[in-house]
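Survey of secondary and tertiary structure
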Amino acid sequence: MFYDTRKNDHGLPYNPFKAIVTPRPIGWITSMSAKGEVNLAPYSFFNGITDKPPIVMFSSEGAKDSVAFAEETKEFVCSLATFDLRDQMNGTSAPLPRGESEMRFTGLEPAPSQLVKPPRVAASPCALECKWLQTVRLHDVEGQQLERYVVFGQAIGVYIDDRFIRNGRLDTAAMKPIARCGYDEYAVVESVFKMTRPPGGGKNA
């Protein structure tokens, strides 16, 4: 099949786009308002985009609290969403009133960050402490301004649970990170495999 996304004439009961761009890592974003309100929310349009310096991005459908708070205080934290925390991660997507704690709502404990004010999720094995760089409001191919915002941040501090450092490497599979697939489906990383790039292809990350 082939379909034109401008018409969405795929004839399927659900849009397959998100099932193609998959799996997508989840940015579990903690941000804090100028008043000290803490927000925690998951974003499946998230990724690292460079490592020197380490920069991440998350995309929001609408100027939600994560976007507003990150712009207000110029900081946010991304905690790793794992299989053991899947229910809490999902729970933090609930549309709570501004100022109501998603951590309290889902029974999560915060842990203080070292270099920024927003806390990390204490139970998460890794967290990136980020300084806000910029927010970009997107436009489509016709120049129409969209209610879609991409937030960029530079990770200035990294927390890692030492239990997952083995033989000098971070054991990704042991942490069981989860990722978003299409529809209401998720994936979990429980095994990994190695491949060496051809000579001149760059170093393995």
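Each chain carries its own residue numbering, running from 1 in the written order of its sequence. With pLDDT at 70 or above as the cut-off, local features in this predicted model cover only qualifying residues; side-chain atom pairs require 80 or more to be listed or tallied, and sums for whole chains, interfaces and linings still use all residues. Values shown for side chains rest on all heavy atoms present in the structure; no hydrogens or waters enter the calculation.

Turning to the overall build of the protein chain, a few remarks are in order. On a plain count of helices and strands, the protein chain comes out with five helices and 14 strands. Each principal axis of the C-alpha atoms in the protein chain carries an extent, and together these give about 50 × 50 × 35 Å. Partly exposed describes any residue whose relative accessible area lies between the buried limit of under 20% and the exposed limit of over 50%, with all areas from a 1.4 Å probe on protein chains only and scaled to the type maximum. For the protein chain, with 205 residues in total, the buried portion stands at 39%. Methods summary: accessible areas were calculated by the Shrake-Rupley approach with a probe of 1.4 Å, and residue burial reflects only the protein chains presented. Split by element, the accessible area of the protein chain, about 12700 Å² in all, is 53% carbon and sulfur. In this charge count, Lys and Arg are treated as positive and Asp and Glu as negative; neither His nor the chain ends contribute. Throughout, a charge is located at the NZ atom of Lys, the CZ atom of Arg, the CG atom of Asp or the CD atom of Glu. Placing the 24 positive and 24 negative side-chain charges of the protein chain at their respective mean positions leaves the two points 5 Å apart. The numbering of helices and of strands both runs from the N terminus, where a helix is a DSSP run of H or I of at least 4 residues and a strand a run of E of at least 2.

Turning our eyes to something else, we now look at the pairing of strand β4 (residues 46–51). Pairing between strands requires that DSSP locate at least two bridges from one strand to the other. Bridge analysis of β4 against strand β5 (residues 54–61) gives five bridges, and the strand direction is antiparallel. Each residue of the ladder has a partner; that of Phe-46, found in β5, is Phe-58. Linking β4 back to β5 in an antiparallel pair, the connection comprises two residues.

Another point: the sheet that holds strand β1 (residues 24–25). Taken together, three strands build an open sheet; the order of strands is β1-β13-β14 and the sheet is antiparallel. Looking along the sheet, the strands with just one partner apiece sit at the ends: β1 and β14 (186–188). One ladder, built from three bridges, connects strand β13 (residues 178–180) with β14; its direction is antiparallel. Its bridge partner lying in β14, Arg-180 is registered against Tyr-186.

Attention now moves to the environment of Gln-114. Tracing the chain through its elements places Gln-114 in the loop between β7 (110–111) and β8 (120–121). For the pair Gln-114 and Ile-26, spaced 88 residues apart in the sequence, the C-alpha separation amounts to 22 Å.

Next up on the list: the packing of aromatic side chains. For Phe, Tyr and Trp, rings pair up if their centres lie within 6.5 Å, where Trp contributes its six-membered ring, and each pair is then called stacked (planes under 30 degrees apart), edge-to-face (over 60) or tilted (otherwise). What the rule picks out here adds up to three aromatic pairs. Aromatic side chains Tyr-43 and Phe-58 sit 4.9 Å apart centroid to centroid with 45° between the ring planes, which places their arrangement in the tilted category. Within this pair, whereas Tyr-43 is found in strand β3 (residues 38–43), its partner Phe-58 is found in strand β5, the two being separated by 15 residues in sequence. Given the relative accessible area of 7%, Tyr-43 is considered buried.

Turning next to helix α2 (residues 65–73). Every buried residue of α2 is accounted for by Asp-65, Ser-66, Val-67, Ala-68, Phe-69 and Ala-70. In this fold, the buried residues of α2 make contact with β2 (27–32), β3, β5, β6 (75–80), β9 (126–139) and β10 (145–160). Residue Lys-74 follows α2 closely and has a positive phi angle near 65°. Contact between two residues is taken to exist if any of their heavy atoms lie within 4.5 Å; hydrogens are not considered.

Reading across from one edge, β3-β2-β6-β9-β10-β5-β4 is the order of the seven strands in this open sheet, with antiparallel pairing throughout. Each edge of the open sheet is held by one strand with a lone partner, namely β3 and β4. Averaged over all pairs of adjacent strands, the angle between strand axes in this sheet comes to 35°, irrespective of strand direction. For β5 and β10, the ladder comprises seven bridges, and the chain directions are antiparallel. Its bridge partner being in β10, Glu-61 is matched across the sheet by Arg-148. With axes taken as lines fitted to C-alpha atoms, and helix axes fitted only over the stretch in contact, angles between N-to-C directions fall between 0 and 180 degrees.

Should a side-chain nitrogen of Lys or Arg be within 4 Å of a carboxyl oxygen of Asp or Glu, the pair is scored as a salt bridge. Considering all chains together, one arrives at seven salt bridges under this definition. Across the salt bridge formed by Glu-75 and Lys-131, the nearest N and O atoms sit 2.7 Å from each other. Highlighted residues: Glu-75 in strand β6 and Lys-131 in strand β9, separated in sequence by 56 residues.

The next thing to look at is unusual backbone geometry. With an omega of -10°, the peptide bond running from Thr-22 to Pro-23 counts as cis. Checked against the element boundaries, Pro-23 lands in the loop between α1 (17–20) and β1. Omega for the bond connecting Lys-52 with Pro-53 falls within 30 degrees of zero, at 0°, which places this linkage in the cis form. The topology assignment puts Pro-53 in the loop between β4 and β5. A positive phi angle is found at Lys-176, which is not glycine, with a value near 55°. With respect to the helices and strands, Lys-176 occurs in the loop between α5 (172–175) and β13. A relative accessible area of 31% means that Lys-176 is categorised as partly exposed. Here the phi dihedral of Tyr-183 falls at roughly 60°; this positive angle occurs in a residue that is not glycine. Mapped onto the secondary structure, Tyr-183 falls in the loop between β13 and β14. You can call Tyr-183 partly exposed: its relative accessible area is 39%.

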